[in-house]
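# Reading the structure
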Amino acid sequence: MYLSFAELVSKAVNAGWGEREVAAALVDLADHHMLGLITLGEIDELLGAIKKTFLTHIEAFINQRQQICCEVVLSMRFFGQSRRR
């Protein structure tokens, strides 16, 4: 990795940049890269939390609907038996 880094610095200096300018630009690039990585990590964390919350709500919704369906079926059976008597 060092050889690639040194080659990049050499190319920038040969193109007319000063060594301090090159160093400052590389630090700036590294800083922005790190901030991007942190942001991506935070986004992944946030998406994980959203997914977990969403799945919890969907599960509760499904359970509620199943309970309602069971109550309807039981009511239909009860009223069906009441009519027969």
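Before reading further, recall that the structure is shown in the block above.
First, a word on scope: everything that follows refers to the structure included in this document. In every chain, residue numbers begin from 1 and rise along the written sequence. Thresholds applied to this predicted model are a pLDDT of at least 70 for local features of residues and 80 or more for the giving and counting of side-chain atom pairs; totals over whole chains, interfaces and linings are not thresholded and use all residues. Water and hydrogen atoms were dropped before computing side-chain values, which therefore reflect all heavy atoms in the structure.

## Some thoughts on the overall build of the chain
- Regarding its fold elements, the chain presents two helices and zero strands.
- Against the 2.2 N^0.38 benchmark of 12 Å for 85 residues, the chain shows a C-alpha radius of gyration of 32 Å, more extended than a compact globule.
- In terms of principal-axis extent, the alpha carbons of the chain reach across some 100 × 20 × 15 Å.
- Taking all 85 residues of the chain together, 4% fall into the buried category.
- Accessible area of the chain: about 8,000 Å², with a carbon and sulfur share of 65%. Strands are runs of DSSP state E lasting at least 2 residues, helices are runs of H or I lasting at least 4, and numbering of each runs from the N terminus. The atom set for the radius of gyration is the C-alpha atoms, and the globule formula is 2.2 Å times the number of residues raised to the power 0.38. Only protein chains enter the area calculation, which uses a 1.4 Å probe; residues under 20% of their type maximum are buried, those over 50% are exposed, and those in between are partly exposed. Here the open area of atoms and residues is found with the Shrake-Rupley method and a 1.4 Å probe, where only the protein chains shown may cover a residue.

## Side note on a nonpolar patch on the surface
- By definition, no residue in a patch forms a salt bridge, and every one has over 30% relative accessible area; like charges are joined within 9 Å, nonpolar side chains (Val, Leu, Ile, Met, Phe, Trp, Tyr) within 5 Å. A pair is scored as a salt bridge if a Lys or Arg side-chain nitrogen falls within 4 Å of a carboxyl oxygen belonging to Asp or Glu. Together, Met-34, Leu-35, Leu-37, Ile-38, Leu-40, Ile-43, Leu-46, Leu-47 and Ile-50 give the surface a local cluster of nonpolar side chains, amounting to about 850 Å² of exposed area.
- Tracing the sequence through the fold places Ile-43 in helix H2 (residues 19–84).
- Take Ile-43: its relative accessible area is 40%, and that puts it in the partly exposed class.

## Remarks on the environment of Gly-16
- If you trace the backbone, Gly-16 turns up in the loop between helix H1 (2–14) and H2.
- The spacing of Gly-16 and Phe-54 is 38 residues in sequence and 55 Å in space, taken between C-alpha atoms.

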